[in-house]
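Residue-level structural notes
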Amino acid sequence: MTQTVDVLEKLIEFDTVSANSNLDMIDFIETYLTERGFQTTRLMDPNGDKAGLVAERGPAGRGIVLSGHTDVVPTTGQAWTRDAFKLTQDQGRLYGRGTTDMKGYLACMLTAADRAAQYDLKEPLKLVFSYDEEIGCVGIQRMFDPLKACIGQPRACFVGEPTEMQVAIGHKGKAALRATFVGQNGHSALAPTFVNALHLAGDFMMELRGLQTELAENGAHDPAYDVPFSTVHIGKLSGGVALNIVPDHAEMTFEYRHLAADPSDQILEKISAAAARVEATYSDQFAGAQILLDRYNAYPGLDVADTTEIAALAQRLAQTDTTKVAFGTEAGVFEQLGIPTVVCGPGSMAGQGHKPDEFVTAQQLAACDEMLTGVLAELAN
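This one's a predicted model, so the numbers in the text were calculated from it and none came from an experiment.

1. Observations concerning the pairing of strand β8 (residues 167-171)
Burial within β8 is extensive, with five of its five residues counted as buried. Relative to strand β16 (residues 322-324), β8 runs parallel, the two sharing three bridges. By the bridge assignment, Gly170 is partnered in β16 with Lys324. Looking at chain direction, β8 and strand β15 (residues 302-303) are connected through two bridges and run antiparallel. Counterpart to His171 in the pairing with β15 is Leu302.

What follows is the structure, given as structure tokens:
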């Protein structure tokens, strides 16, 4: 535990809010690992200010992957009572931005890496550190092609998002979309003679609400989730420049989070059909009336049967039961690489994730250290 806390203290000091570079933290991690005999490969972001890292120690073989992201959410607007980027301890709690999501797990990964030298590994231990997870699993998707070449086909992957050390075998996939509405400018005194872009947006919003009702009533259901059906959420709507001008432009950002049994492309088709229906109601008045859809980000869900080998292995090592989580993770990307994957890590997303005075308990870190010691023993068998 002392070693894990010492490493966590170092990691918390790096301000790796997603808007910032993570290169100083990657430098620290890479040096730490190379000093302990790991072979490392840095995967640079196309912009050059961020990087992922892949590390490996042990003989050739499939091995097991441990994976986590280096970025954290901002503290802006949050009422912290202590320095967010300095680890502090109080009554068994360790405070700091990222302690739960998810530098606590990264510290456990690095402690396991240090202990790997004590084991006669028969298979390799592989570590993956990603970036820009908090803005939609962007970094791991940019890493996808080189990552596949770097890590091959491990027999298991543990993504360490905070699950209170429960073994998460499922989460929903997500797509984020932008709708742009094109109408006509005009004087508000003659408003009915023009197509108001906000009217297009309002009608489209009602279509999305109808889709949500359809998914809730007739779509797939999974009672393991807090919300057992696929969801549609409208997060932002903007348009217009002045009260006396009919707006010719509006913009909406929205998302859908879908169960595996509700394929993403099928939901997108329904959204596109809804946009076409709204356009058609205005086209006689203004042929240029449009709703332009842009799915600007998406990541896959995770859906692992609790009878699989990876689920059994994870439960044996974590000594906990399976669950499904409401939040998204990078696990689905590893599944797309053909790697059996679960999510299991220290801390509580519901209780501490993204909140002021974020903390992880010493008990949770100790449980994670114990699980990763089990991973090393598994690789040495």
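The discussion continues.
2. What to know about the nonpolar core
Ranked by size, the top nonpolar core spans 78 residues in total, and within it Leu33, Leu127, Phe129, Phe158 and Phe334 carry the most contacts. Non-local contacts of Phe334, meaning those with residues more than four positions away in its chain, are made with Val65, Ser67, Val128, Ile140, Leu147, Ile151, Cys157, Val159, Ile339 and Thr341. By size, the runner-up hydrophobic cluster in this structure holds 26 residues, among which are Phe204, Leu211, Tyr256 and Ile291.

3. Comments concerning the packing of aromatic side chains
Taken as a whole and judged by the stated rule, the model has five aromatic pairs. Summarising the aromatic geometry, the rings of Tyr95 and Phe359 are spaced 5.4 Å apart at their centres and angled 55° between planes, so their arrangement reads as tilted. A residue pair is termed long-range when its members are at least 10 positions apart, and Tyr95 in strand β5 (residues 93-95) and Phe359 in strand β18 (residues 359-361) qualify at 264 residues. Judged by its relative accessible area of 12%, Phe359 falls in the buried class. Through pairs of rings, three or more aromatic residues link up here, namely Phe14, Phe28 and Tyr32. Over the aromatic face of Tyr32 sits the side chain of Arg36, whose NZ or CZ is 3.6 Å from the ring centroid. When the ring centre of Tyr225 is taken as origin, the NZ or CZ atom of Lys172, which lies over that ring, is 5.6 Å away.

4. Focus on the sheet that holds strand β4 (residues 88-90)
With respect to topology, three strands assemble into an open sheet ordered β4-β5-β18, the strand pairing being antiparallel. Each edge of the sheet is formed by a strand with only one pairing partner; in this case those strands are β4 and β18. Adjacent strand axes in the sheet meet at a mean angle of 25°, parallel and antiparallel pairs treated alike. One ladder, built from three bridges, connects β4 with β5; its direction is antiparallel. Note on β5: the bridge partner recorded for Asp90 is Arg93. Strands in contact with helix α3 (residues 99-115) are β5 and β18; relative to β18, the strand with the most contacts, it is inclined by about 50°. The strands touched by helix α11 (residues 362-380) are β5 and β18; relative to β18, the strand with the most contacts, the crossing angle is about 65°.

5. Thoughts on the sheet that holds strand β13 (residues 249-258)
Spatially, four strands are ordered β11-β13-β9-β14 in an open sheet, and the strand pairing comes out antiparallel. If you trace the sheet from one side to the other, it starts and ends with β11 (231-239) and β14 (290-299), each paired once. Strand-to-strand twist across the sheet, computed as the mean angle between neighbouring axes with direction ignored, equals 20°. As paired strands, strand β9 (residues 173-182) and β14 are joined by nine bridges and run antiparallel to one another. Looking across to β14, one finds that Lys174 is bridged to Tyr299. Where helix α6 (residues 197-218) meets the sheet, its contacts fall on β9, β11, β13 and β14, and the angle it forms with β11 comes to roughly 170°. Helix α7 (residues 264-282) rests against β9, β13 and β14 of the sheet, and its axis sits at about 165° to β14.

6. Topic: the packing of helix α1 (residues 2-12) against helix α2 (residues 23-34)
One way to put it is that α1 packs onto α2 with a least axis distance of 10 Å and a crossing angle of 150°. The angle between α1 and α2 places the two elements in the roughly antiparallel class. Listed contacts from α2 to Gln3, Val7, Lys10 and Leu11 of α1 are Met25, Phe28, Ile29 and Tyr32. A breakdown of the residues in the contact of α1 with α2 according to their chemical character gives six nonpolar, one polar and one charged.

7. Comments concerning the packing of α3 against α11
Taken N-terminus to C-terminus, the directions of α3 and α11 make an angle of 40°; their axes are 9 Å apart at the nearest point. If you check the angle between α3 and α11, you find them oblique. Of the two possible hands of crossing, α3 and α11 adopt the one that is right-handed. Residue-level inspection shows Gly104, Tyr105, Cys108, Met109, Thr111, Ala112 and Arg115 of α3 in contact with α11, the latter providing Leu365, Cys368, Asp369, Leu372, Thr373 and Leu376. Split by residue class, the contact of α3 with α11 holds eight nonpolar, three polar and two charged.

8. Section: helix α8 (residues 309-318)
Along α8, the residues classified as buried are Ile310, Ala311, Leu313, Ala314, Leu317 and Ala318. Burial along α8 is one-sided: seen end-on, the buried residues are contained in an arc of 165°. Among the structural elements, β3 (64-69), β7 (156-159), β8, β17 (341-343) and α11 are those in contact with the buried residues of α8. The positive-phi residue at the C-terminal boundary of α8 is Gln319, with phi of around 60°.

Rules used throughout
Residues numbered from 1 in each chain as written. Predicted model: local features only at pLDDT ≥ 70, side-chain atom pairs only at ≥ 80, totals over all residues. Heavy atoms only, no water. Buried < 20%, exposed > 50% of the residue type's maximum accessible area, 1.4 Å probe, protein only. Helix = DSSP H or I, 4+ residues; strand = E, 2+ residues; numbered from the N terminus. Pairing = 2+ DSSP bridges. Core = buried A, V, L, I, M, F, W, Y, C linked by side-chain atoms within 4.5 Å. Contact = heavy atoms within 4.5 Å. Phe/Tyr/Trp six-rings, centres within 6.5 Å; stacked < 30°, edge-to-face > 60°. Lys NZ or Arg CZ within 6 Å of the ring centre and 35° of its normal. Axes fitted to C-alpha atoms, helices over the stretch in contact; angles between N-to-C directions. Parallel < 35°, antiparallel > 145°, perpendicular 65-115°, else oblique. Nonpolar A, V, L, I, M, F, W, Y, C, P; charged D, E, K, R; others polar. Left-handed = near helix turned anticlockwise from the far one by under 90°. Arc of directions from axis to C-beta.

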